[in-house]
Amino acid sequence: MGSATSELPAQRTPLADAAETGLKIVVVGGFGAGKTTLVRSVSEIRPLNTEEVMTQAGQGVDETAGVERKTTTTVAFDFGRISLNQRMVLYLFGAPGQERFWFLWDRLFSGTLGAIVLVDTRRMEDSWYAIDRLEHLKTPFVVAINRFDSDEPQFSLDEIRQALALKDHVPMVDCDARVRSSGKEVLITLVDHLYALALSQEGTS
Ligand SMILES: Nc1nc2c(ncn2[C@@H]2O[C@H](COP(=O)(O)OP(=O)(O)OP(=O)(O)O)[C@@H](O)[C@H]2O)c(=O)[nH]1
Ligand SMILES: [Mg+2]
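Note that the coordinates shown come from a computational prediction; the quantities given were computed from them, not determined experimentally.

Each helix and strand counted, the protein chain has six helices and eight strands in total. Element order for the protein chain, N to C, with α for helix and β for strand: α-β-α-β-β-β-β-α-β-α-β-α-β-α. Considering the protein chain as a whole, with its 205 residues, one finds that 49% of them fall into the buried category. Expressed as a percentage of contacts within the protein chain between residues at least 6 apart in sequence, the contacts between residues at least 24 apart total 73%. Roughly 10,700 Å² of accessible area belongs to the protein chain as shown, and the carbon and sulfur atoms make up 51% of that amount.

Below is the structure:
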């Protein structure tokens with residue numbers, strides 16, 4: 001499969017048309033999976049974040065088990081931007097992860113070409129809702145496993161695919177959301193996936 005950073009195909013595709021004006025990508029996933037961190041690490045502009053300090057008011061509401069050291073949370077969305085090549089600009093929207101903000105997600109998904117589901121394997125079940133919504137809305141997505149350094153068992157990608165009941169065609173990739181090059185690999189995996197889908201749709205139309 002061709003890399004997303006190579007030249008666009010001569011024949012125009014819906015994806016190529018959209019590339020001239022920018023591609024909207026959302027980063028979604030459970031609370032504390034590293035969405036804001038990913039948008040921050042790959043964005044070439046200073047990203048807009050809507051982080052708020054987590055206070056005692058959230059105790060009993062915010063499900064912090066496993067991420068006790070977390071001090072802030074996204075209350076609207078993150079916004080960043082990255083140019084993959086001269087014609088292709090990605091606009092990144094990081095969703096808020098906490099359940100009480102999930103009502104915002106469908107709005108955020110509107111006009112989205114594709115999504116990244118960021119998974120923290122310590123709280124795998126937090127990803128189910130994101131995957132359900134994306135499948136329901138028929139939004140293409142890839143799954144990125146943000147490997148936190150932890151004493152928890154390190155599951156293989158195949159084991160995680162099974163646990164999340166992911167279909168075989170959904171690409172999976174390991175990442176470290178704090179590392180720019182790693183975040184870029186995730187984005188390229190998604191863009192490659194979108195290309196493959198666009199080309200296969202052209203083949204059937
Ligand atoms: N060790 C480690 N820490 C990480 C990694 N990715 C993110 N973190 C840390 O995990 C915490 C949570 O990251 P965020 O980026 O705020 O997570 P989020 O998904 O945006 O959280 P919400 O918006 O509140 O749902 C932060 O303190 C990050 O520095 C990682 O790969 N390894
Ligand atoms: Mg966040």
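So much for the structure itself; the text now carries on.
Turning our attention to the coordination of the magnesium ion (ligand 2). Protein coordination at the magnesium ion (ligand 2) comes from Thr 36 (OG1) and Thr 74 (OG1), with a distance range of 2.0 to 2.1 Å. One end of the pair, Thr 36, is in helix α2 (residues 35–42); the other, Thr 74, is in strand β3 (residues 72–74), and 38 residues separate them in sequence. The exposure classification of Thr 36 matches that of Thr 74, with both residues buried.

Along α2, six of the eight residues are buried, which leaves the element largely enclosed by surrounding structure. Along α2, the residues classified as buried are Lys 35, Thr 36, Leu 38, Val 39, Ser 41 and Val 42.

It is worth spelling out the site of ligand 1 at this point. With respect to spatial proximity, 19 residues lie near ligand 1, and among them Lys 35, Thr 36, Thr 37, Thr 73 and Thr 74 are the closest. Between ligand 1 and the protein, one listed contact pairs an oxygen atom with a side-chain N or O atom of Lys 35 at 2.7 Å. Arg 178 is positioned such that a nitrogen or oxygen atom in its side chain is 3.3 Å from a nitrogen atom of ligand 1. Isolated, ligand 1 exposes 650 Å² of accessible area, and the fraction of that covered by the protein chains is 81%. Examining the composition of the shell around ligand 1, we find that three residues originate from one element, α2, more than from any other. Taken together, the residues of the shell around ligand 1 break down into four nonpolar, nine polar and six charged.

Counting through the fold element by element, Arg 122 comes out in the loop between β6 (114–119) and α4 (128–137). Along the sequence, Arg 122 and Phe 155 sit 33 residues apart, while their C-alpha atoms lie 10.0 Å from each other.

What follows deals with the pattern of salt bridges. Under the definition given, this model contains seven salt bridges. With a shortest N-O distance of 2.9 Å, Arg 122 and Asp 120 are connected by a salt bridge. The partner of Asp 176 in a salt bridge is Arg 178, with the nearest N and O atoms 2.8 Å apart.

To continue, consider the nonpolar core. Counting 25 residues, the largest nonpolar core has Ile 25, Leu 90, Ile 116, Ala 144 and Leu 187 as the members making the most contacts within it. When contributions to this core are tallied by element, the ones reaching two or more residues are β1 (23–29), α2, β5 (89–94), β6, β7 (141–146), β8 (172–175) and α6 (180–204). For this core, the leading source of residues is α6, giving six residues. The residues touching Ile 116, leaving out its near neighbours within four places in the chain, are Ile 25, Val 26, Val 27, Val 28, Leu 38, Val 142, Ala 144, Val 186, Leu 187 and Leu 190. Judged by nonpolar contacts, the second largest core, of 23 residues, contains Phe 93, Ala 130, Phe 141 and Leu 166.

What follows concerns the side chain of Asp 78. Tracing the chain through its elements places Asp 78 in strand β4 (residues 78–83). The charged side chain of Asp 78 is buried without a salt bridge, its nearest counter-charge being Arg 40 at 6.2 Å. Side chain to side chain, Asp 78 and Thr 36 meet in a polar contact 3.0 Å long. For Asp 78, the contacting residues outside a window of four places in its chain are Lys 35, Thr 36, Val 39, Leu 48, Asn 49, Thr 50, Glu 51, Leu 92, Phe 93 and Gly 94.

This paragraph deals with the side chain of Ser 41. Within the secondary structure, Ser 41 sits in helix α2. Look past the residues within four positions of Ser 41 in its chain and what remains in contact with it is Ala 177, Arg 178, Val 179 and Arg 180.

About the cut-offs
Residues numbered from 1 in each chain as written. Chains lettered and ligands numbered in written order. Predicted model: local features only at pLDDT ≥ 70, side-chain atom pairs only at ≥ 80, totals over all residues. Heavy atoms only, no water. Helix = DSSP H or I, 4+ residues; strand = E, 2+ residues; numbered from the N terminus. Buried < 20%, exposed > 50% of the residue type's maximum accessible area, 1.4 Å probe, protein only. Contact = heavy atoms within 4.5 Å. Areas by Shrake-Rupley, 256 points an atom, 1.4 Å probe, with all protein chains shown as cover. Donors = N, O, S within 2.8 Å, 3.2 Å for Na, K, Ca; no water. Near = heavy atom within 4 Å. Polar contact = N/O pair within 3.5 Å; in protein donor to acceptor, adjacent residues only side chain to side chain. Nonpolar A, V, L, I, M, F, W, Y, C, P; charged D, E, K, R; others polar. Salt bridge = Lys/Arg side-chain N within 4 Å of Asp/Glu carboxyl O. Core = buried A, V, L, I, M, F, W, Y, C linked by side-chain atoms within 4.5 Å. Lys, Arg positive; Asp, Glu negative; His and termini not counted.

The values reported here are purely geometric and, on their own, carry no functional implication.
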